[in-house]
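Below, each chain spelled out in residue letters.
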Amino acid sequence: MNALDYFNARLEGTISPMDYLKSEQNDPDKYFLIDVRNGPNHVRSLTIKDANIIPQQELADRLNEIPMDKEIIVYCWDVWCNTAAKVAKFLLERGYKVKELTGGIAAWNEMNFPVSDSSQNSNLSDSCGC
């Protein structure tokens, strides 16, 4: 793979927080954003505003919640986490159109983009499953 192929593939499979926010504001029905982080509730309480919370460990059992007609955006913790990449691969293999949000919740929060506190959500699992 040459450098051009690498960067084309990278851009095809990812979306930056800035690009996602701008595109989502212009076309709010285009995307389905999923927080795929595993872990205890208290460490996952901060989420991107309006994200759907489907931890990676629950994904296979909750596929019916993910629309096939939207572009799926997945995110996890930060640039060091590969949970979102694993989920993206899983969904791509099942025919979904998927991109990973670069930098995860860490980059989003660092940019002071809209977040919400999901600590009140009783659907979150306390087991990590990482």
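Refer to the preceding data block for the structure.
Definitions and limits used
Residues numbered from 1 in each chain as written. Predicted model: local features only at pLDDT ≥ 70, side-chain atom pairs only at ≥ 80, totals over all residues. Heavy atoms only, no water. Helix = DSSP H or I, 4+ residues; strand = E, 2+ residues; numbered from the N terminus. Rg over C-alpha atoms; globule rule 2.2 N^0.38 Å. Buried < 20%, exposed > 50% of the residue type's maximum accessible area, 1.4 Å probe, protein only. Contact = heavy atoms within 4.5 Å. Areas by Shrake-Rupley, 256 points an atom, 1.4 Å probe, with all protein chains shown as cover. Disulfide = S-S within 2.5 Å. Pairing = 2+ DSSP bridges. Axes fitted to C-alpha atoms, helices over the stretch in contact; angles between N-to-C directions. Core = buried A, V, L, I, M, F, W, Y, C linked by side-chain atoms within 4.5 Å. Patch = residues over 30% accessible without salt bridge, like charges linked within 9 Å, V, L, I, M, F, W, Y side chains within 5 Å. Salt bridge = Lys/Arg side-chain N within 4 Å of Asp/Glu carboxyl O.

Enquirer: Quick one: what's the story with the overall build of the chain, residue by residue and with numbers?
Expert: From N to C terminus, the chain includes four helices and seven strands. Relative to the globule expectation of 14 Å for 130 residues, the C-alpha radius of gyration of the chain, 14 Å, shows essentially globular dimensions. If you line up the chain on its principal axes, its C-alpha atoms span 45 × 30 × 30 Å. In the chain, which comprises 130 residues, the share counted as buried stands at 42%. For the chain, the share of sequence-separated contacts (at least 6 apart) that also reach a separation of at least 24 residues comes to 72%. Total accessible area on the chain stands at roughly 7,600 Å², and carbon and sulfur atoms take up 50% of it.

Enquirer: Describe the state of the cysteines, with residues and values.
Expert: Tallied over the full model, the rule gives zero disulfides. No disulfide involves C76; its nearest neighbouring cysteine sulfur is the one of C81, lying 3.1 Å away.

Enquirer: Quick one: what's the story with the sheet that holds strand 2 (residues 31-35), residue by residue and with numbers?
Expert: In sheet architecture, strand pairing relies on hydrogen bonds along the backbone and comes in two forms, parallel and antiparallel. Here we have five strands laid out as an open sheet, ordered 1-6-5-2-4, and parallel in their pairing. Each edge of the sheet is formed by a strand with only one pairing partner; in this case those strands are strand 1 (14-15) and strand 4 (52-53). Relative to strand 2, helix 2 (residues 17-26) is tilted by about 135 degrees, and along the sheet it contacts strand 1, strand 2, strand 5 (71-75) and strand 6 (97-101).

Enquirer: Describe the nonpolar core, listing the residues and the values that go with them.
Expert: The nonpolar side chains of a soluble globular protein tend to be buried with one another. I34, V36, I66, I72, V74, L91 and V98 are the most contacted members of the largest nonpolar core, which totals 16 residues. Mapped onto this core, the elements with two or more residues apiece are strand 2, strand 5 and helix 3 (83-92). Top element by residues in this core is helix 3. It accounts for four residues. Not counting residues within four places of it along the chain, the set of residues in contact with V98 comprises I72, V74, A88, L91 and L92. Formed by 13 residues, the second largest nonpolar core is a distinct cluster that contains L21, Y75, L101 and I105.

Enquirer: Help me get a handle on a nonpolar patch on the surface, residues and values and all.
Expert: Taken together, the side chains of M1, Y6 and F7 make up a nonpolar region of the molecular surface, amounting to roughly 380 Å² of accessible area. Inspection of the secondary structure assignment puts F7 in helix 1 (residues 3-13). In this structure F7 comes out as partly exposed when scored by relative accessible area, which is 43%.

Enquirer: Explain the pattern of salt bridges residue by residue, including any values.
Expert: Oppositely charged side chains can pair when the atoms bearing their charge come close. One pass over the full model with this rule turns up eight salt bridges. Among the salt bridges present, the one from E71 reaches K97, with a minimum N-O distance of 3.9 Å. In this pair, E71 sits in strand 5 while K97 sits in strand 6, placing the two residues 26 residues apart along the sequence. Classification of E71 as buried rests on a relative accessible area of 7%. Residue classification places K97 among the exposed positions, given a relative accessible area of 53%. We note a salt bridge from K89 to E93, for which the minimum N-O separation is 2.6 Å. Of the residues examined, K89 reaches a relative accessible area of 51% and is grouped as exposed. The network of salt bridges with common partners includes E58, R62 and E65.

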